[in-house]
Amino acid sequence: MEPKRFMTLQRHILEGERQHPEATGELSALLSELALAAKVISLEVNKAGLIDILGFTGDTNVQGEAVKKLDIYAHNTIVSAMDHGGHLCLMASEEEEDIIHIPKHHKLGKYVMMFDPLDGSSNIDANVSIGTIFSILKRKSPEGTPGTLEDALQPGVEQVAAGYIVYGSSTIFVYTAGHGVHAFTLDPAVGEFLLSHENIHTPEDARIYSTNEGNYKYWHKGLKNYIKYIQDADDRGATPYSARYIGSMVADIHRNLLYGGIFIYPADKRHPNGKLRLLYECNPMAFLYEQAGGRAIDGKQRILEIQPHKLHQRVPIYIGSKNAVDMVEKFLREAEEEGED
Ligand code: AHM
Ligand code: MG
């Protein structure tokens, strides 16, 4: 389908909201603030390689300001773009240990936002794609009061919107508000995110697997069996998957969402809960993937149904094309039933 012309992110969200008579327009306002923060971060990410060339090394830049690590810069940009709009009662970030309250002099809203400001930041120096991930929920605590930890510790099924921004060869904003998954590419000349992929459906079958095979030694038997099974596809007359792993979740997920694939960050013998965070990384990606027709599980249950018990909780994740996740789930279950380690 030919993309609609001049469909900006803001217009798309507003038109989506208008289909719900009870909508107040607050969610579109909130996502617009986030889009502004994303543009600012995108600019800074694009300049990252210039820091050494232009001599901005050390702890201070030419203006005498402290040079912040890019992930801290992204965190601060999002907080300051969003703490005064009157739509949020609380934020929580992968970069901060505790919940982030809205300053007292600002209006409190009905939403909560959880985010990973710059995921995959270990890749920055190599000019590899990185991203911001976000998850938006409705508060549970009474309106007009400061948000509480319980507002943040909600299962992913409660999300009202989620998405990511990938800072790659172009900057792309991908979101769902529960009515499909849509992607907008930043046109740097006009400074707008324009609709580039409407209603993304991820293929039912995977062509790609993405996991850190360097950890193979520590994997449990079920995962080892599954990976061997997909690598042996030729023996069954099937086409083998390609292995693709950037080590930057947003970029790996974005590619797999479009092409069909499975991304795995498992529990292993050293890390019983895997690495990735439920509230900032796994829940928003699981919501997006389910909206695009895929699945996301922790090995045993749907990611979105996990009841969080702490802010920075980690969970294993198997996320991707439906048939691939069904298959890995079967291998994990069989290994467990046979008592394999
Ligand atoms: P970060 O939040 O510290 O950036 O770590 C998360 C990143 C993900 O983007 C990526 O999928 C994963 O870590 C890669 O981990 P590993 O290097 O162990 O394969
Ligand atoms: Mg992260």
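Residues numbered from 1 in each chain as written. Chains lettered and ligands numbered in written order. Predicted model: local features only at pLDDT ≥ 70, side-chain atom pairs only at ≥ 80, totals over all residues. Heavy atoms only, no water.

Caption draft 1: Examining the overall build of the chain more closely. Assigned secondary structure in the chain consists of nine helices and 13 strands. The C-alpha atoms of the chain give 20 Å as radius of gyration, which agrees with the globular expectation for 341 residues (20 Å, within 12%). Buried positions account for 50% of the 341 residues belonging to the chain. Of all intrachain contacts in the chain linking residues separated by at least 6 positions in sequence, the fraction that spans at least 24 positions is 64%. In the form shown here, the chain has an accessible surface area of approximately 16,100 Å², with 50% of it arising from carbon and sulfur atoms. Charge centroids of the chain, computed over 34 positive and 47 negative side chains, lie 1 Å from each other. (Helix = DSSP H or I, 4+ residues; strand = E, 2+ residues; numbered from the N terminus. Rg over C-alpha atoms; globule rule 2.2 N^0.38 Å. Buried < 20%, exposed > 50% of the residue type's maximum accessible area, 1.4 Å probe, protein only. Contact = heavy atoms within 4.5 Å. Areas by Shrake-Rupley, 256 points an atom, 1.4 Å probe, with all protein chains shown as cover. Lys, Arg positive; Asp, Glu negative; His and termini not counted. Charge placed at Lys NZ, Arg CZ, Asp CG, Glu CD.)

Caption draft 2: Structural view of the site of ligand 1. The immediate surroundings of ligand 1 are formed by 15 residues, with D119, G120, Y245, M249 and Y265 found nearest. Contacts to ligand 1 include E94, whose side-chain N or O atom sits 3.0 Å from an oxygen atom. Within the side chain of K275, an N or O atom sits 2.8 Å from an oxygen atom of ligand 1. About the coverage of ligand 1: the protein hides 77% of its 470 Å² of free accessible area. Here the shell around ligand 1 is composed, by residue class, of five nonpolar, five polar and five charged. Looking at the shell around ligand 1, you find at least three residues from each of domain 1 (3-197) and domain 2 (208-337). (Near = heavy atom within 4 Å. Polar contact = N/O pair within 3.5 Å; in protein donor to acceptor, adjacent residues only side chain to side chain. Nonpolar A, V, L, I, M, F, W, Y, C, P; charged D, E, K, R; others polar. Domains from an automatic or database assignment.)

Caption draft 3: Fine view of the domain arrangement of the chain. Along its sequence, the chain is carved into domain 1 (3-197) and domain 2 (208-337). If you average the C-alpha positions of domain 1 and of domain 2, the two centres end up 25 Å apart. If you look at the interface, domain 1 gives 45 residues, while domain 2 gives 31 residues. The largest contributions to the domain 1 side of the interface with domain 2 come from E94, L153 and Y164, which together make up 22% of the buried area. Counting the contacts that link domain 1 with domain 2 gives zero salt bridges. Our count for the contact surface shared by domain 1 and domain 2 stands at 12 residue pairs in polar contact (both at pLDDT 80 or more). Counting only elements with at least two residues in the side of domain 1 that touches domain 2, the list comes to β1 (88-93), β3 (111-119), β4 (130-138), α5 (149-152), β5 (159-167) and β6 (171-176). When residues in the side of domain 1 that touches domain 2 are grouped by element, the largest group, eight residues, is from β5. For the side of domain 1 that touches domain 2, the residue count by class is 23 nonpolar, 16 polar and six charged. (Buried area = accessible area lost by both parts, 1.4 Å probe. Salt bridge = Lys/Arg side-chain N within 4 Å of Asp/Glu carboxyl O.)

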